[in-house]
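# Remarks on the overall topology
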Amino acid sequence: AAAAQLFQQQKAAEAAKAAQQQQQQWIRTQQQKATEAAQAKRAEAVKAAEAARLAVQQRQQQAQQMQEQHKKAAQAHAAQRQAATQQLYQRQQAAQQQQQAQEQARQQAAMREQLAKQQQPQEKGGKGAFPGKGAYTKGGPYTQGKGAKGGKAGPQPPQPLAWVDQLSKISSVPLTQVHRPVLDLKHRFPYLSMSHDLTHAQVHFAELGSGSRVPLSPPVETINLDYNKHVLVPEGEVLPKKAEASDAKKKFRVRVALMTGKLLERPTHPINKYQFVIHKAGDAADVLPEADWIQELDGDEPTELTTQKNTAVRCIKDLYGFDLSACIFHRFMDLHYETYDGTQIQSTVLLPEVWKCPELPASIGKQVREIEEEFTKVVSYQHELTPEEIEEEKKDYFKQIEKERAQGQAVRPGEREMDRAERLEKLEEKLKQMEKNPPEVKPTKQVEKQEKDKRTVVKDISRPVFVSLLNLIGLRQGDFSHPSFTGVFETKLFALCFDEMIKVECSTHIVSWLKDYAVRWESEEEVRVAKKKRVREEAEVRTKVLQERAAKRQKREQAQKEAADAKKKEEEEKKAKEEEEKNEEKEANETEKTEEAKEETKEEGKEETKEE
């Protein structure tokens, strides 16, 4: 029983030990799993941190690259702007120099023409004012005759037309349409901001055969800017006069387009060649000069050309001091407006032929106004001193000496005692000398005082400037509420329609030239065929001569090559023979030396034998 009990106790102890070991094994397994899970989480966290770091680094690199790209783009843009500015400045300088040179050449040509006309008038087909027959006259064709050097000048070839490169810019809309509603104008000029009150436009030049077309090549320079010429405007007035405010439902105004003439003689497109006078008044926009219709001054019928001419003449005379009454006026276009209150406004653009005025070039000035203003001026005079003032001047002199003595006694930083004593001694001597010899006080004194006075000042009100047709087309339009919006709109619309007129004239010239060219081509067909045949025969003859020359040259080169080869072969044979002779002579010399050496050896052996 004790043994059985002991066995059971041992068995229970073993079971408890096994359970304990199993529990420890389970604990170790759980700990290992927890450790592996923690390591996996740690590894995932490290990977996530590394990915985040790489992403941040990549974003930083991208941001840096973008910054570098922006910086390079900014530098390139700045360089381009600088280059463009430099090129623009150079072009402006070159254009200015060229314009000055052309102006000088034009003046010289005008002087030569005037002298030639005074000396001997030029006759058609006879001797002209210039040397040689058939000289070229301005506005006329070339005629065949002897030139200045005695040779034949002959007909000159036509110069390339300046507007050929602009043919692709001709619009597809009909250019001969007179009545143009707002929608039609928007279709023609999509980038032009239209006035809200505009209803339609009447373009008179568009009608074929109309007298409103202006010659596109004025013969002379018509207008000269003279800012020394002043048009005086009285105080409180405005010139040209404005129409009085009234309840009239119809209003009229006239704009004048003064064309300056053919200023640029170099081959260029008309859009750059023609220039117009633009009115510039202070900070206002640059527009064509205008004036309102006034019945008492201009006439009763504002729609007639005579009345409109009176308004235009009054406008230019009041603004620039030049009379256009002797000129022929062309009605270029009419613009019709209707405001929200039912008021109808008609604006007419007139083109005068300034080059037909008796006095050319027309000198136009600027508007000025005389204004009285107060200013302060300084007046100087001689004041006689009283005895008390003379005594005061003397006291001031001695006070100044005492002040200098006190300033000299002050201690200067870094000054040694020896230097200070020497300086004070010299100063004291100087001041005592000044006290002994005071200056004589003058009985009079120069005195200045300020006084107010009035003067008349000339102030500029407005002035004319020259602007090319291209710059008129490129005028910037402001907001609709701006006071000068209508003026800029009408000026820009006039420039665009004038460009259309140029295109119409150029198209007419092209069609006429093509018709003439077709007729001339048919009439010259036989001449061209004969010329082609003659050119072909001459080419065949030249080819045959060239082939014969090539064969002779090849034969001559072959003979020269054979002679050179024979000479080279002879020289090689001669050289080989000389080498062979040299070798034989060398072998003979060596053989002779060998025999001599043998004989000497024999004699020496004999002598030795004899001595033995």
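Computed from a prediction, not measured in an experiment: that's the story for all the values here.

## Some words on the overall build of the protein chain
What the protein chain contains, in helices and strands, is ten helices and ten strands. Looking at the 612 residues of the protein chain, the share that counts as buried comes to 26%. Taking all contacts inside the protein chain whose residues are at least 6 apart in sequence as the whole, residues at least 24 apart take part in 72%. Here the protein chain has roughly 44700 Å² of accessible surface; of this, 51% comes from carbon and sulfur atoms.

## Looking at the packing of aromatic side chains
The description of two aromatic rings rests on the distance between their centres and on the angle between their planes. Going through the model one piece at a time under the given rule, you end up with twelve aromatic pairs. Considering the side-chain rings of phenylalanine 276 and phenylalanine 494, the 5.4 Å spacing of their centres and the 85° angle between planes classify their relative orientation as edge-to-face. Taken together, the residues span a long stretch of sequence, with phenylalanine 276 in strand E5 (residues 275-280) and phenylalanine 494 in helix H9 (residues 485-523) at a distance of 218 residues. Taken individually, phenylalanine 276 and phenylalanine 494 each receive the classification buried, so the pair is uniform in this respect. Relative to phenylalanine 494, the ring of phenylalanine 332 lies with its centre 5.2 Å away and its plane at 70°, an arrangement referred to as edge-to-face. Of this pair, phenylalanine 332 sits in strand E7 (residues 329-338) while phenylalanine 494 is found in helix H9, placing the two residues 162 residues apart along the sequence.

## Some thoughts on the layout of surface pockets
In this structure, the second largest pocket spans a volume of roughly 1200 Å³. Counting only elements with at least two residues in the lining of the second largest pocket, the list comes to strand E4 (250-256), strand E6 (290-292), helix H4 (295-298), strand E9 (362-384), strand E10 (444-468) and H9. Here the lining of the second largest pocket takes five residues from E4, the largest share from any one element. For the lining of the second largest pocket, the per-class residue count stands at 22 nonpolar, eleven polar and twelve charged.

## Looking at empty space enclosed by the protein
Applying the stated criterion across every chain, the model contains one cavity of 30 Å³ or more. Lining the largest cavity, in full, are Phe252, Arg253, Val254, Trp293, Pro302, Thr307, Gln308, Thr311, Gln346 and Thr348. Secondary structure elements with two or more residues in the lining of the largest cavity: E4, helix H5 (305-320) and strand E8 (344-352). The class makeup of the residues in the lining of the largest cavity is four nonpolar, five polar and one charged.

## Topic: the pattern of salt bridges
Where charged atoms from two side chains of opposite charge come close, those side chains can pair. Taken as a whole, this structure holds 23 salt bridges when the rule is applied. Notably, a salt bridge pairs arginine 528 with glutamate 525, separated by 2.4 Å at the nearest N-O pair. Within this pair, arginine 528 and its partner glutamate 525 are both found in helix H10 (residues 525-611), separated by three residues, close to a single helical turn. Taking relative accessible area as the criterion, arginine 528 reaches 18% and is therefore assigned buried. Here the salt bridges share partners, and the residues they tie into one network are Arg180, Asp184, Arg188 and Glu500.

## Focus on H5
Between the first and last C-alpha of H5 there are 22 Å, a value that for 16 residues agrees with the 22 Å anticipated at 1.5 Å per step. Note on H5: the residue one or two positions beyond its end, glycine 321, has a positive phi of about 75°.

## Remarks on a nonpolar patch on the surface
A surface patch of nonpolar side chains, about 440 Å² in accessible area, is lined by Trp513, Leu514, Tyr517 and Trp521. Take tryptophan 521: it is sitting in helix H9. For tryptophan 521, a relative accessible area of 41% gives the class partly exposed.

## Focus: a negative patch on the surface
Together, Glu592, Glu595, Glu596, Glu599, Glu600, Glu603, Glu604, Glu607, Glu608, Glu611 and Glu612 make up a region of like negative charge exposed at the surface. Counting through the fold element by element, glutamate 604 comes out in helix H10.

## Some details on the packing of helix H6 (residues 387-409) against helix H7 (residues 417-436)
Viewed as axis vectors pointing N to C, H6 and H7 meet at an angle of 175°, and their least axial separation amounts to 10 Å. By the angle between their axes, H6 is roughly antiparallel relative to H7. Listed contacts from H7 to Tyr397, Phe398, Ile401, Glu402, Glu404, Arg405, Gly408 and Gln409 of H6 are Arg420, Arg423, Leu424, Leu427, Glu428, Leu431, Met434 and Glu435. Classifying every residue of the contact of H6 with H7 by side-chain character gives seven nonpolar, two polar and seven charged.

## Here we look at the nonpolar core
Core analysis: the largest hydrophobic core is formed by 43 residues, its most contacted members being Phe276, Phe332, Leu493, Phe494 and Phe498. Within the residue set of this core, elements represented by two or more residues are helix H2 (182-188), strand E2 (198-203), E5, E7, E8, E10, helix H8 (469-473) and H9. No other element matches the eleven residues that H9 contributes to this core. The residues touching phenylalanine 276, leaving out its near neighbours within four places in the chain, are Ala257, Leu258, Met259, Thr260, Leu351, Val465, Phe466, Val467, Leu469, Leu472, Phe494 and Phe498.

Rules behind the numbers
- Residues numbered from 1 in each chain as written.
- Predicted model: local features only at pLDDT ≥ 70, side-chain atom pairs only at ≥ 80, totals over all residues.
- Heavy atoms only, no water.
- Helix = DSSP H or I, 4+ residues; strand = E, 2+ residues; numbered from the N terminus.
- Buried < 20%, exposed > 50% of the residue type's maximum accessible area, 1.4 Å probe, protein only.
- Contact = heavy atoms within 4.5 Å.
- Areas by Shrake-Rupley, 256 points an atom, 1.4 Å probe, with all protein chains shown as cover.
- Phe/Tyr/Trp six-rings, centres within 6.5 Å; stacked < 30°, edge-to-face > 60°.
- 1 Å grid on protein atoms, 1.4 Å probe; cavity = no way out; pocket = protein on both sides within 12 Å on 5 of 7 lines; lining within 4 Å.
- Points joined across faces, edges and corners; volume = space filled by probe spheres on them.
- Nonpolar A, V, L, I, M, F, W, Y, C, P; charged D, E, K, R; others polar.
- Salt bridge = Lys/Arg side-chain N within 4 Å of Asp/Glu carboxyl O.
- Expected span 1.5 Å × (residues − 1).
- Patch = residues over 30% accessible without salt bridge, like charges linked within 9 Å, V, L, I, M, F, W, Y side chains within 5 Å.
- Lys, Arg positive; Asp, Glu negative; His and termini not counted.
- Charge placed at Lys NZ, Arg CZ, Asp CG, Glu CD.
- Axes fitted to C-alpha atoms, helices over the stretch in contact; angles between N-to-C directions.
- Parallel < 35°, antiparallel > 145°, perpendicular 65-115°, else oblique.
- Core = buried A, V, L, I, M, F, W, Y, C linked by side-chain atoms within 4.5 Å.

Purely geometric stuff here, so don't read any function into it on its own.
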